[in-house]
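# Reading the structure
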Amino acid sequence: MRKDIHIGYEHFKNSGELSEIEQKLFEKAKMAREKAYAPYSNFFVGCSILLENGDIFSGSNQENAAFPSGLCAERTTLYWVAANFPNEKIKKIFIVGGPKEFSESNPPIPPCGSCRQSIIEYETKQNENIELYFANLNEETIKVHAIKDLLPFSFDGTYL
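Remember, predicted model here, so these are calculated numbers, not experimental data. Numbering of residues starts from 1 in every chain and runs along the sequence as written. At least 70 in pLDDT is required for a residue's local features to be given in this predicted model, at least 80 for side-chain atom pairs to be given and counted, and no such filter applies to totals for whole chains, interfaces and linings, which use all residues. Hydrogens are left out, water is left out, and the side-chain values use all remaining heavy atoms of the structure.

## Regarding the nonpolar core
The tendency in soluble globular proteins is for nonpolar side chains to be buried as a group. What counts is decided by this rule: In plain words, nonpolar cores are sets of buried Ala, Val, Leu, Ile, Met, Phe, Trp, Tyr and Cys residues tied together by side-chain atoms within 4.5 Å. Three exposure classes are used, based on accessible area relative to the maximum for each residue type with a 1.4 Å probe and protein chains only: buried under 20%, partly exposed in between, and exposed over 50%. Strands are runs of DSSP state E lasting at least 2 residues, helices are runs of H or I lasting at least 4, and numbering of each runs from the N terminus. When checking whether two residues touch, look at their non-hydrogen atoms; a contact exists if any pair is within 4.5 Å.
With 23 residues, the main nonpolar core has I49, I90, I93, I95, I119 and L132 as its most contacted residues. When residues of this core are traced back to their parent elements, those giving at least two are β2 (43-51), α2 (73-84), β4 (90-99), α3 (113-126), β5 (131-135) and β6 (141-144). Excluding its chain neighbours within four sequence positions, the residues that come into contact with I95 are V45, G46, C47, E74, I109, P111, L132, Y133, F134 and A135. By size, the runner-up hydrophobic cluster in this structure holds 11 residues, among which are F12, A29, L50 and I56.

Okay, here's the thing in structure tokens:
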């Protein structure tokens, strides 16, 4: 049984409470959200990833009429980064999502279970936590210090 389980998070009411790099990641994810292809769900998500070398990459969700052929923003971005920078550590992932017609009552949206599982694979691979932020368009943001905080009983290669 895992002994490293802890649930910890920080809650920010607006981007002014974030660091400069976190604000930049928010803006990149927000811009990526605008490029989402979501004609079926009308749920638009953008993601940005900060690598250890300081590079930032972003992506958006891409749907397909043949469900479940589409892919979430987090995995779109994560897999592209991993394919192009396989040895670079991921430091932070920032997600901005919600309905296309955003309202003031939309909360910050966390990653789905498939995305959590995909992120934990890379956190395990690099043997270092990945900070995860999820926000709404009002700039309200939740930060967890590791994906393990959202998926404490995760499945990884140690079980194989």
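From this point on, the discussion continues.
## What about helix α1 (residues 20-33)?
Put simply, the rule reads: Working rule for helices: expected span equals 1.5 Å times residues minus one. Taken from the helix axis, the directions to the C-beta atoms give the arc we talk about.
Taking 1.5 Å per residue, 14 residues should reach 20 Å; α1 reaches 20 Å between its end C-alpha atoms and fits that length. All of the buried residues along α1 are E22, L25, F26, A29, A32 and R33. Mapping the buried residues of α1 onto a view down its axis gives an arc of 130 degrees, with all of them on the same face. For α1, the elements touching its buried residues are β2, β3 (56-60), β4, β5 and β6.

## Regarding α3
In a regular helix each residue adds 1.5 Å, so 14 residues correspond to 20 Å; α3 covers 20 Å between its end C-alpha atoms and thus fits that length. Where α3 is concerned, the buried positions are C115, R116, S118, I119, I120, Y122, E123 and Q126.

## Describing the packing of aromatic side chains
The test is simple: Aromatic rings from Phe, Tyr and Trp, with only the six-membered ring used for Trp, were paired whenever their centres fell within 6.5 Å, and each pair was classed as stacked if the ring planes differed by under 30 degrees, edge-to-face if by over 60, and tilted otherwise.
Across all of its chains, the model carries 7 aromatic pairs by this definition. Geometrically, the ring pair formed by F57 and F85 is tilted, given 5.0 Å between the ring centres and 35 degrees between the ring planes. Taken together, the residues span a long stretch of sequence, with F57 in strand β3 and F85 in the loop between α2 and β4 at a distance of 28 residues. On the basis of relative accessible area, F57 is assigned to the buried category, the value being 18%. For the pair F155 and Y159, a centre-to-centre distance of 5.5 Å together with 15 degrees between the ring planes defines the contact as stacked. Residue classification places F155 among the partly exposed residues on the basis of a relative accessible area of 46%. By way of ring pairs, the aromatic residues F26, F94 and Y133 are connected into one cluster.

## A few points about the packing of α2 against α3
Definition in use: Throughout, an axis means a line fitted to C-alpha atoms (over the contacting stretch in the case of helices), and angles, computed between N-to-C directions, take values from 0 to 180 degrees. Small angles under 35 degrees read as roughly parallel and large ones over 145 as roughly antiparallel, with 65 to 115 read as roughly perpendicular and the rest as oblique. Here a crossing is called left-handed whenever its near helix is offset anticlockwise from the far helix by less than a right angle, and right-handed whenever the offset is clockwise.
Contact geometry of α2 with α3 gives a least axis separation of 10 Å together with a crossing angle of 20 degrees. As far as their axial angle goes, α3 and α2 are roughly parallel. α3 is crossed by α2, and the crossing has left-handed handedness. The segment α2 lies against α3, with E74, R75, L78, Y79 and A82 engaging S114, C115, S118, I119 and Y122.

## What about unusual backbone geometry?
With an omega of 5 degrees, the peptide bond between F67 and P68 qualifies as cis. Unusually for a residue other than glycine, N42 sits at a positive phi of about 55 degrees. Its place among the elements puts N42 in the loop between α1 and β2. Look at E139: it is not a glycine, yet its phi comes out positive at around 80 degrees. Within the secondary structure, E139 is located in the loop between β5 and β6. Overall, the relative accessible area of 23% leaves E139 in the partly exposed class.

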